[in-house]
Amino acid sequence: MFWLFGKRKSTTPLFGPGKLHIPETLYRRMINHCNEERPLEACGLLMGQGGQTLSAYATDNQHRSPVIYKVDEHQLLEALHDIRSEQHGLIGIYHSHVKTAPVPSRTDIGQAYWPEVFYVIVSLAHRRPQVRAWRIVDGHVTEHQVVIQKLASGKWHDLRRAVRPRQAPDAARDIP
């Protein structure tokens, strides 16, 4: 269980999938989640196989901060328990930058515990959200392409307790 909370070091770069595929419905919900949490940073999890996102989990930011995030530990365990039954894995962690570009900060790089996942940053600094994906291995940062799949779907799970969505759980708003 230590690997859930401790930093894992990798001695060699991982050569996993170079692209992160996200169904459009999950992409929109991820953006909506980030907007709902403003002015705090939002965070959540992407589950799937390879580079294919099959489900997403909106979680609380345990730090409740506009400049740093931490996925709520209880919600992390709940999501990991849920995905084991579906034989998926953690493929991404997303969070928002409320006032800055979607580029990993020093803090983001320092708390990148899983070199095998994509770190997805949603920037809300401009009218249109910007989304970029990164892999962070032993402090080395590489950008990876985000592919939004127009006709694909996935499962959305809202585990948040601190902030309740302002809309019905199944109603997806249009993002600008």
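Before any of the text, the structure's been laid out above.
All residue numbers here refer to positions counted from 1 along the written sequence of the relevant chain. Predicted model: local features are reported for residues with pLDDT of at least 70 only, side-chain atom pairs are reported and counted for 80 or more only, and whole-chain, interface and lining totals are derived from all residues. Based on all heavy atoms of the structure, the side-chain values leave hydrogens and waters out of the count.

Chemist: Explain the nonpolar core to me, please; I cannot follow it from the model alone.
Modeler: The tendency in soluble globular proteins is for nonpolar side chains to be buried as a group. Here, the term nonpolar core denotes a set of buried Ala, Val, Leu, Ile, Met, Phe, Trp, Tyr and Cys residues that are joined through side-chain atoms within 4.5 Å. The buried label goes to any residue with under 20% of its type's maximum accessible area, the exposed label to any with over 50%, and the partly exposed label to all in between, with areas taken from a 1.4 Å probe on protein chains only. By size, the foremost hydrophobic cluster in this structure holds 20 residues, and its most contacted members are Leu20, Ile22, Met30, Leu46 and Val120. Counting from the N terminus, the helices are DSSP H or I runs at least four residues long and the strands are E runs at least two residues long. Counting only elements with at least two residues in this core, the list comes to strand S1 (19-23), helix H1 (24-37), strand S3 (52-59), strand S4 (89-97), strand S5 (118-123) and strand S6 (130-137). The biggest single contributor to this core is H1, with 5 residues. Formed by 18 residues, the second largest nonpolar core is a distinct cluster that contains Val71, Ile83, Trp114 and Val117.

Chemist: How do you make sense of H1 when you look at a structure like this?
Modeler: Three or four residues apart is the spacing at which side chains of an α-helix point the same way, because the helix has 3.6 residues per turn. The first and last C-alpha atoms of H1 sit 20 Å apart over 14 residues, in line with the 20 Å expected at 1.5 Å per residue. Extensive coverage of H1 is indicated by the burial of 11 of its 14 residues. Of all the residues in H1, the buried ones are Glu24, Leu26, Tyr27, Arg29, Met30, Ile31, Asn32, His33, Cys34, Glu36 and Glu37. Residue count minus one, scaled by 1.5 Å, sets the expected span of a helix.

Chemist: What exactly am I supposed to notice about the environment of Arg135 here?
Modeler: When you line up the elements, Arg135 lands in strand S6. Taking the C-alpha atoms as reference points, Arg135 and Ala112, separated by 23 residues in sequence, lie 8.9 Å from one another. Any N or O atom pair separated by 3.5 Å or less is treated as a polar contact, with the protein-specific requirement of one donor-capable and one acceptor-capable atom, and with residues adjacent in sequence counted only for side-chain atom pairs. Of the polar contacts made by the side chain of Arg135, one reaches the backbone oxygen of Val117; its length is 3.5 Å.

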